[in-house]
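Descriptive analysis of the structure
So you can see what is in the structure, the chains are spelled out below.
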Amino acid sequence: MLKVTNDGVEWVDDGLLLGEVFCLTFLKNVDETEALSRLGGLPDTLRPRTLDEATEAYGSYEEGYAEFAFALNLGAWTVLVEPDSVQGSCTGPLTALSQGTEAVSVRRNDYADHAFRYAVDGTLVTGFEPTWPDHRWGSEPDRLLGQMRAAGLDPDADDDDDDDYVSRAYVPALLLAGLITGAVPHPDALAGELPSAQIEPWFSAAPPSRSHGPADPAMIAALDAAPPHLLRAVAAREAMRLAAVLDLDGTPGLAEAVAAAERGETVAVPPGSELGTHVRSWLKRSRQAGMSLNDSSAGAKLSDDERTAAGLLGWFAPALNAALWPEPHAAARAALRPLTGGPPELRDAAEETAVLHILRGEPEV
């Protein structure tokens, strides 16, 4: 562990340990095992690993292009290290991670956006892309202004060298995280084995993405006006419709879990349960279908029909997760995404009309 100085964070810029895509998420007063679990760490994959092992798995078709997180104790804080992954910086996972505590996340993604997030007890307090620190959001977007300026992220500064600033924005962002937490990881601590687990966000406490849902104004209005019992009903109906379309409706435990969620009961699907094992296989297959397209050594391992079928699993699994989510508005919106915006195999105009009638409390035609 280093004292927090600019020299103590420059190492993230060399790309030697973490590369060009990574996420560092700090959790206060949460131990390593609990931190990994909150992110969706699979218990049967928990063991010490090196970062190189995770990189190999992420590039492996046979491993399902698995994503791993590592946990490092920094004293009062634990830092989750995600090489090749950025789950901890996404608002849903981060707010779930911060329940009952504080969470700070820094993301480097040279192919998209960098990110800084600070959350407390389930609420995003401050978020911004460190390249443009003048644009912030959250419940208190100005809360960290003093520390931002100390870290070199002054939203009022006039920087003439925009290109240099953009390319290294994650460096002062990590310094800002260190000013909040009082600690940053030393690169030597990441060179050996660390507690780690494969992460599968499906099994985390993160809510369904708010960006997932119907775009049709009539459907949105119906969802906004419907009472909870009807929202749960359409989410459950859609999950089972999709399961039937994909010939998965006989999956052990599936119908029972969906029915319990429709009744308003809290439903947990452990990763090691029979249903959880099936979910993991669906998620793995969908990743193989998508990521093997960019893998020259694996592109021919699936036929076109196999790839299409596996891709449909990637639509079903999040819809099922949403249908089991306890908050009915979020559950219904995300569960209906395949029906209203999915591939043709999952669309059904007549069913979409029926769902509208149900949400409005009208008899089905």
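Above this text is the structure in question.
These notes cover the structure that comes with them.

The rules we used
- Residues numbered from 1 in each chain as written.
- Predicted model: local features only at pLDDT ≥ 70, side-chain atom pairs only at ≥ 80, totals over all residues.
- Heavy atoms only, no water.
- Core = buried A, V, L, I, M, F, W, Y, C linked by side-chain atoms within 4.5 Å.
- Buried < 20%, exposed > 50% of the residue type's maximum accessible area, 1.4 Å probe, protein only.
- Pairing = 2+ DSSP bridges.
- Helix = DSSP H or I, 4+ residues; strand = E, 2+ residues; numbered from the N terminus.
- Contact = heavy atoms within 4.5 Å.
- Polar contact = N/O pair within 3.5 Å; in protein donor to acceptor, adjacent residues only side chain to side chain.
- Phe/Tyr/Trp six-rings, centres within 6.5 Å; stacked < 30°, edge-to-face > 60°.
- Disulfide = S-S within 2.5 Å.
- Axes fitted to C-alpha atoms, helices over the stretch in contact; angles between N-to-C directions.
- Parallel < 35°, antiparallel > 145°, perpendicular 65-115°, else oblique.
- Left-handed = near helix turned anticlockwise from the far one by under 90°.
- Nonpolar A, V, L, I, M, F, W, Y, C, P; charged D, E, K, R; others polar.

Another aspect to go through is the nonpolar core. The nonpolar side chains of a soluble globular protein tend to be buried with one another. By size, the foremost hydrophobic cluster in this structure holds 41 residues, and its most contacted members are Leu24, Phe26, Val104, Phe116, Leu174 and Leu176. Ala239, Val269, Leu312 and Leu313 belong to the second largest nonpolar core, which has 31 residues in total.

Taken together, the nine strands give an open sheet; going across it, the order is S2-S9-S3-S4-S1-S5-S6-S7-S8, and neighbouring strands pair in antiparallel fashion. Sheet topology places strand S2 (47-49) and strand S8 (136-137) at the edges, where each strand pairs with a single neighbour. Pairing of strand S7 (residues 123-128) with S8, which is carried by two bridges, proceeds in the antiparallel orientation. Bridging across to S8, Phe128 finds its partner in Arg136.

As a further point, take the side chain of Gln198. Inspection of the secondary structure assignment puts Gln198 in strand S9 (residues 194-198). For Gln198, a relative accessible area of 13% translates into the label buried. Residue contacts for Gln198: discarding those within four places in its chain leaves Gly40, Gly41, Leu42, Thr45, Ala66, Glu67, Phe68 and Arg287.

Counting buried residues in helix H14 (residues 349-359) gives eight out of 11 residues, a clear majority hidden from the surface. For H14, the full list of buried residues reads Glu351, Glu352, Ala354, Val355, Leu356, His357, Ile358 and Leu359. Against the buried residues of H14 lie helix H7 (217-225), helix H8 (228-245) and helix H13 (337-341). The N-cap residue of H14 is Asp348: its side-chain oxygen and the backbone nitrogen of Ala350 are 3.0 Å apart.

So, on to the packing of aromatic side chains. This structure, assessed with the given rule, holds four aromatic pairs. Between Tyr61 and Tyr65 the ring centres are 6.3 Å apart and the planes differ by 85°, which places this aromatic pair in the edge-to-face class. You can call Tyr61 buried: its relative accessible area is 10%. The class for Tyr65 is buried, based on a relative accessible area of 2%.

The tally for this structure, following the rule as stated, stands at zero disulfides. Not engaged in a disulfide, the cysteine Cys23 finds its nearest cysteine sulfur in Cys90; these two sulfurs lie 7.7 Å apart. By relative accessible area, Cys90 is classed as partly exposed at 29%.

Okay, the environment of Asp295 next. Tracing the sequence through the fold places Asp295 in the loop between helix H10 (274-291) and helix H11 (304-323). Separated by 236 residues in sequence, Asp295 and Gly59 place their C-alpha atoms 8.1 Å apart. What Asp295 contacts, discounting residues up to four positions off in sequence, is Gly59, Tyr61 and Tyr65. Side chain to side chain, Asp295 and Ser297 meet in a polar contact 2.7 Å long.

Before going further, it helps to examine the packing of H11 against helix H12 (residues 328-335). Here H11 crosses H12 at 160°, and the two axes come no closer than 7 Å. Compared by their axis directions, H11 and H12 come out roughly antiparallel. Considering how the two elements wind past one another, H11 and H12 form a crossing that is left-handed. Where H11 approaches H12, its residues Ala319, Ala322 and Ala323 are matched on the opposing element by Ala331, Ala334 and Ala335. Across the contact of H11 with H12, the residue classes break down as six nonpolar, no polar and no charged.

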